[in-house]
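# Topology and contacts: notes
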Number of protein chains: 2
Amino acid sequence: MKIVILLFDYYTALDLVGPYEVLNKLPDCKIYLVGIEKKEYQDTYGLRILADNTIEEIFEADILLIPGGPGIDNLLKNKEVLDWIKKIDCSTKWTVSVCSGSLLLAQAGLLDGKNCTTHWRRKDQLRRFNVTVKNERYVQDGKIITAAGVSAGIDMALYLVSKIAGDKIAMMFQLAIEYDPKPPFDCGSPDKVPKEMLDKFNK
Amino acid sequence: MKIVILLFDYYTALDLVGPYEVLNKLPDCKIYLVGIEKKEYQDTYGLRILADNTIEEIFEADILLIPGGPGIDNLLKNKEVLDWIKKIDCSTKWTVSVCSGSLLLAQAGLLDGKNCTTHWRRKDQLRRFNVTVKNERYVQDGKIITAAGVSAGIDMALYLVSKIAGDKIAMMFQLAIEYDPKPPFDCGSPDKVPKEMLDKFNK
């Protein structure tokens with residue numbers, strides 16, 4: 001199984017590494033980290049991950065994964081990247097995104113008329129496309145699955161494994177990463193926090 | 001705030017990137033990725049992350065974080081690393097671990113007589129030390145916090161932020177990574193799955 005993850009500058013590391021940790025456990029799977037150039041890409045804080053392949057070298061994938069991050073906005077007008085995403089999507093069994101990665105799928109036209117989601121701070125931006133934005137942790141519409149913000153990539157990846165390999169395998173992967181979450185607060189979603197806290201994000 | 005994370009070959013990427021994503025949001029914080037050598041270290045599946053500094057170049061830290069992974073066993077007899085951990089711990093406000101990283105803290109003598117935890121598959125190994133192993137998502141004992149397996153580093157890091165910067169800041173960080181987990185199964189802990197599933201891990 002060929003899994004292709006798009007790298008770009010100012011990606012969010014956890015968007016990428018959450019699903020990476022889960023999907024890598026699939027048997028006979030190989031993950032390709034792919035960028036416009038064969039170079040190191042930096043996340044928001046400077047974590048450098050090398051793209052082993054350029055997008056020119058990758059023609060197909062079983063799974064295409066687009067992580068999010070502040071850098072996604074720099075790609076929304078990049079015809080080379082958008083054309084590549086459309087081409088790869090023609091070959092995929094699954095096309096998935098985490099966080100603001102769904103904006104790139106939307107810009108490529110892959111979410112037209114579909115249900116989807118994104119990071120809570122990006123929902124208004126995603127609504128500008130011809131899509132129905134849901135308040136879910138992840139949304140499947142056909143072969144496309146879009147996840148909510150950052151950490152939601154872990155839940156989405158486990159769900160994807162259940163679709164590919166069955167519930168028992170997905171449960172074993174969940175146990176392997178001891179994903180029995182106990183966040184210290186019940187505040188991980190904007191409907192769970194006071195308005196003053198949301199306002200601080202917009203300052 | 002100087003945060004030092006130890007890199008080594010066969011680290012688990014999510015052990016590192018979960019807390020990395022959370023702790024990096026602290027104001028005036030800088031994360032140092034540190035290895036025995038200044039080189040790229042590979043995780044279990046080949047993800048390469050560069051150590052910017054060697055352990056010889058780092059003399060102190062506000063937070064020392066030891067991630068886990070299969071490679072931790074290769075360090076348990078490494079006197080240079082153990083001595084460095086003991087030295088750095090003398091300067092820290094917090095010394096923390098994720099997953100099997102706690103074994104390295106134990107081997108360095110830092111968990112003597114303390115409450116702690118680790119990945120569920122490593123608990124018997126940790127019990128061989130003079131420690132009390134708890135079945136908790138993360139365990140604080142004084143300035144030491146040890147987290148359970150892999151994904152538990154996210155919960156631990158948010159808790160640590162609440163101790164450093166207060167609950168409101170920690171809640172904002174949790175909201176920023178949209179950590180409102182909804183795992184597809186309730187099976188992330190060994191007490192939640194049938195024995196047959198646990199047996200498969202030992203095959």
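The structure contained in this document is the topic of the report that follows. (Residues numbered from 1 in each chain as written. Chains lettered and ligands numbered in written order. Predicted model: local features only at pLDDT ≥ 70, side-chain atom pairs only at ≥ 80, totals over all residues. Heavy atoms only, no water.)

### Here's the deal with the pairing of strand 1 (residues 2-6) of chain B
Residue and element names in this part refer to chain B.
- Most of strand 1 is tucked away, with 4 of its 5 residues classed as buried.
- The pairing of strand 1 with strand 2 (residues 30-35) spans 5 bridges and is parallel. Bridge pairing links isoleucine 3 to isoleucine 31 in strand 2.
- Chirality of the crossover, the property in question, places the unit of strand 1, helix 1 (residues 13-23) and strand 2 among those that are right-handed.
- Pairing of strand 1 with strand 6 (residues 63-66) involves 3 bridges; the strand directions are parallel. Note on strand 6: the bridge partner recorded for valine 4 is leucine 64. (Buried < 20%, exposed > 50% of the residue type's maximum accessible area, 1.4 Å probe, protein only. Helix = DSSP H or I, 4+ residues; strand = E, 2+ residues; numbered from the N terminus. Pairing = 2+ DSSP bridges. Right-handed = clockwise from strand over helix to strand, strands pointing away.)

### Observations concerning unusual backbone geometry
- Even without being a glycine, valine 150 of chain A presents a positive backbone phi close to 40°.
- Mapped onto the elements, valine 150 of chain A comes out in the loop between strand 11 (144-147) and helix 5 (152-165).
- For valine 150 of chain A, a relative accessible area of 5% corresponds to the buried category.
- In this structure, tyrosine 10 of chain B takes a positive phi of about 65° despite not being glycine.
- With respect to the element layout, tyrosine 10 of chain B can be found in the loop between strand 1 and helix 1.

### Structural notes on the packing of helix 5 (residues 152-165) of chain B against helix 6 (residues 167-176) of chain B
All names here are of chain B.
- Their axes nearest at 7 Å, the elements helix 5 and helix 6 cross at an angle of 145°. The way helix 5 lies across helix 6 gives a crossing that is right-handed. When helix 5 is examined against helix 6, the residues Leu158, Val161, Ser162 and Ala165 are found in contact with a partner set consisting of Asp167, Ile169, Ala170, Phe173 and Gln174.
- A breakdown of the residues in the contact of helix 5 with helix 6 according to their chemical character gives 6 nonpolar, 2 polar and 1 charged. (Axes fitted to C-alpha atoms, helices over the stretch in contact; angles between N-to-C directions. Left-handed = near helix turned anticlockwise from the far one by under 90°. Contact = heavy atoms within 4.5 Å. Nonpolar A, V, L, I, M, F, W, Y, C, P; charged D, E, K, R; others polar.)

### Considerations on the pattern of salt bridges
Residues and elements named next belong to chain A.
- This model, assessed by the stated rule, comprises 32 salt bridges over all chains.
- Between aspartate 89 and lysine 143 there is a salt bridge, with its nearest N and O atoms 3.5 Å apart. A residue pair is termed long-range when its members are at least 10 positions apart, and aspartate 89 in helix 2 (residues 79-91) and lysine 143 in the loop between strand 10 (138-141) and strand 11 qualify at 54 residues. (Salt bridge = Lys/Arg side-chain N within 4 Å of Asp/Glu carboxyl O.)

### Digging into the packing of aromatic side chains
- Overall, the coordinates contain 6 aromatic pairs over all chains when judged by the stated rule.
- Residues tryptophan 120 of chain B and phenylalanine 201 of chain B carry aromatic rings whose centres are separated by 5.2 Å and whose planes lie at 85° to one another, so their mutual orientation is edge-to-face. In this pair, tryptophan 120 of chain B is assigned in the loop between strand 8 (115-116) and helix 4 (123-127) and phenylalanine 201 of chain B in helix 7 (residues 195-201), connecting sequence segments 81 residues apart.
- When its relative accessible area of 14% is taken as the criterion, tryptophan 120 of chain B is described as buried.
- The residue whose ring lies beneath lysine 2 of chain A is tyrosine 32 of chain A, and the NZ or CZ to ring-centre distance is 5.0 Å. (Phe/Tyr/Trp six-rings, centres within 6.5 Å; stacked < 30°, edge-to-face > 60°. Lys NZ or Arg CZ within 6 Å of the ring centre and 35° of its normal.)

### Notes on the relation of the copies chain A and chain B
- Turning chain A through 180° and shifting it by 0.0 Å along the axis lays it on chain B, with an RMSD of 0.0 Å. Overall, the copies show the geometry of a two-fold rotation axis.
- A high fraction, 100%, of the interface residues of chain A reappear at the interface in chain B, so the copies pair face to face through one surface. (Least-squares fit on C-alpha atoms with pLDDT ≥ 70 in both.)

### Comments concerning the sheet that holds strand 5 (residues 53-54) of chain A
Residue and element names in this part refer to chain A.
- Spatial strand order, 5-2-1-6-7-11-10: 7 strands in an open sheet with mixed pairing. Because the sheet does not close on itself, it has two edges, and the strands there are strand 5 and strand 10.
- Relative to strand 7 (residues 94-97), strand 6 (residues 63-66) runs parallel, the two being bridged by 4 bridges. Bridge pairing links leucine 65 to valine 96 in strand 7.
- Each of strand 1 (2-6), strand 2 (30-35), strand 6 and strand 7 touches helix 2; the most contacted strand, strand 6, lies at about 150° to it.

### Structural notes on the nonpolar core
- By size, the foremost hydrophobic cluster in this structure holds 161 residues, and its most contacted members are Trp84, Ile85 and Leu104 of chain A together with Trp84, Ile85 and Leu104 of chain B.
- Leaving out residues up to four positions away in the same chain, isoleucine 85 of chain A has contacts with Leu64, Ile66, Leu104, Leu105, Ala108 and Leu110 of chain A. (Core = buried A, V, L, I, M, F, W, Y, C linked by side-chain atoms within 4.5 Å.)

### Thoughts on the state of the cysteines
All names here are of chain A.
- If you walk through the whole model with that rule in mind, you get 0 disulfides over all chains.
- The cysteine cysteine 90 is free of any disulfide, with cysteine 116 supplying the nearest cysteine sulfur at 19 Å.
- Free of any disulfide, cysteine 116 has its nearest cysteine sulfur in cysteine 99, 13 Å distant.
- Judged by relative accessible area, which is 0%, cysteine 116 ranks as buried. (Disulfide = S-S within 2.5 Å.)

### A look at the sheet that holds strand 2 of chain B
Residues and elements named next belong to chain B.
- Reading across from one edge, 5-2-1-6-7-11-10 is the order of the 7 strands in this open sheet, with mixed pairing throughout. At either end of the open sheet lies a strand with only one pairing partner, and these are strand 5 (53-54) and strand 10 (138-141).
- With respect to the sheet, helix 1 is in contact with strand 1, strand 2 and strand 6, its orientation differing from that of strand 2 by roughly 155°.

### Some details on the interface of chain A and chain B
- Between chain A and chain B, the contact holds 61 residues from the first and 61 residues from the second.
- By the criterion of area lost to chain B, the three top residues of chain A are Tyr45, Leu175 and Glu178 of chain A, representing 14% of everything that side buries.
- For the interface between chain A and chain B, the tally reads 4 salt bridges.
- Counting across the interface, chain A meets chain B through 33 residue pairs in polar contact (both at pLDDT 80 or more).
- If you list the elements that add at least two residues to the side of chain A that touches chain B, you get helix 1 (13-23), strand 4 (48-50), helix 5, helix 6 (167-176) and helix 7 (195-201) of chain A.
- Per element, the largest residue contribution to the side of chain A that touches chain B is 8 residues, and it comes from helix 6 of chain A.
- Counted by class, the side of chain A that touches chain B contains 33 nonpolar, 12 polar and 16 charged residues. (Buried area = accessible area lost by both parts, 1.4 Å probe. Polar contact = N/O pair within 3.5 Å; in protein donor to acceptor, adjacent residues only side chain to side chain.)

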